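Listed below, chain by chain, are the residues.
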Amino acid sequence: MSVEERVNEVLGKLRPFIQRDGGDVELVEVEDGIVRVRLLGACGSCPSSTITLKAGIERALMEEVPEVREVEQVL
């Protein structure tokens, strides 16, 4: 399974929690260990989106996909 497929798998596990708060997450690209995602819906303008991105999404991806070094938000 490719890094991108594994990243999508982890995002799929996180998606219900994000959607529960009125948002969503979309994978834009994976390049050299950097995952770029777009936060959608309520997450796009939420003041807590940085915390969601770093403490939630990034931490989960780094734990489950060792190749991931960082997660960045794309607007």
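Criteria and thresholds
Residues numbered from 1 in each chain as written. Predicted model: local features only at pLDDT ≥ 70, side-chain atom pairs only at ≥ 80, totals over all residues. Heavy atoms only, no water. Salt bridge = Lys/Arg side-chain N within 4 Å of Asp/Glu carboxyl O. Buried < 20%, exposed > 50% of the residue type's maximum accessible area, 1.4 Å probe, protein only. 1 Å grid on protein atoms, 1.4 Å probe; cavity = no way out; pocket = protein on both sides within 12 Å on 5 of 7 lines; lining within 4 Å. Points joined across faces, edges and corners; volume = space filled by probe spheres on them. Helix = DSSP H or I, 4+ residues; strand = E, 2+ residues; numbered from the N terminus. Nonpolar A, V, L, I, M, F, W, Y, C, P; charged D, E, K, R; others polar. Contact = heavy atoms within 4.5 Å. Axes fitted to C-alpha atoms, helices over the stretch in contact; angles between N-to-C directions. Left-handed = near helix turned anticlockwise from the far one by under 90°. Expected span 1.5 Å × (residues − 1). Bend = angle between axes of the 7 residues up to and from the residue.

**Q** Any chance you could explain the pattern of salt bridges here in plain terms?
**A** Oppositely charged side chains may form a pair once their charged atoms are brought near each other. A full pass over the atoms with the stated rule returns 10 salt bridges. Where Glu29 meets Arg36, a salt bridge forms, and the shortest distance between an N and an O atom there is 3.0 Å. The class of Glu29 is partly exposed, set by a relative accessible area of 30%. Each of the salt bridges in this network shares a partner with another, and the network as a whole consists of Glu29, Glu31, Arg36 and Glu72.

**Q** Is there a simple way to explain the layout of surface pockets in this structure?
**A** Using a probe with the size of a water molecule, rolled over the atoms, empty space left in the structure can be pinpointed. Quantified by volume, the largest pocket comes out at close to 240 Å³. Lining the largest pocket are Leu14, Phe17, Ile18, Asp21, Ala42, Cys43, Cys46, Ser49, Thr52, Gly56 and Ile57. For the lining of the largest pocket, the secondary-structure elements that each account for two or more residues are α1 (3-20), α2 (42-45) and α3 (49-64). The dominant element in the lining of the largest pocket, judged by the number of residues it contributes, is α3, at four residues. A class-by-class count of the residues in the lining of the largest pocket yields seven nonpolar, three polar and one charged.

**Q** Help me understand the environment of Leu53 in this model?
**A** By the element assignment, Leu53 lies in helix α3. Given the relative accessible area of 5%, Leu53 is considered buried. Distance in space between the C-alpha atoms of Leu53 and Leu40 is 12 Å, their sequence separation being 13 residues. Setting aside anything within four residues of it in sequence, one finds Leu53 in contact with Val37, Glu58, Val71, Glu72 and Gln73.

**Q** Hey, could you run me through the packing of α1 against α3 in this one?
**A** When two helices pack together, their arrangement is given by the angle between the helix axes and the distance between those axes. At a closest axis distance of 10 Å, the pairing of α1 and α3 adopts a crossing angle of 145°. In the crossing of α1 with α3, the sense of the turn from one axis to the other is right-handed. On α3, the residues touching Val7, Val10, Leu11, Lys13, Leu14 and Ile18 of α1 are Ile57, Ala60, Leu61 and Glu64. For the contact of α1 with α3, the class distribution of residues is eight nonpolar, no polar and two charged.

**Q** What should I look at first to understand α3 in this one?
**A** Taking 1.5 Å per residue as the helical rise, α3 with its 16 residues ought to reach 22 Å, and the 21 Å between its terminal C-alpha atoms agrees with that figure. In α3, a bend of some 30° at Glu58 exceeds every other bend along the element. In this fold, the buried residues of α3 make contact with α1, β1 (23-31), β2 (34-41), α2 and β3 (70-73).

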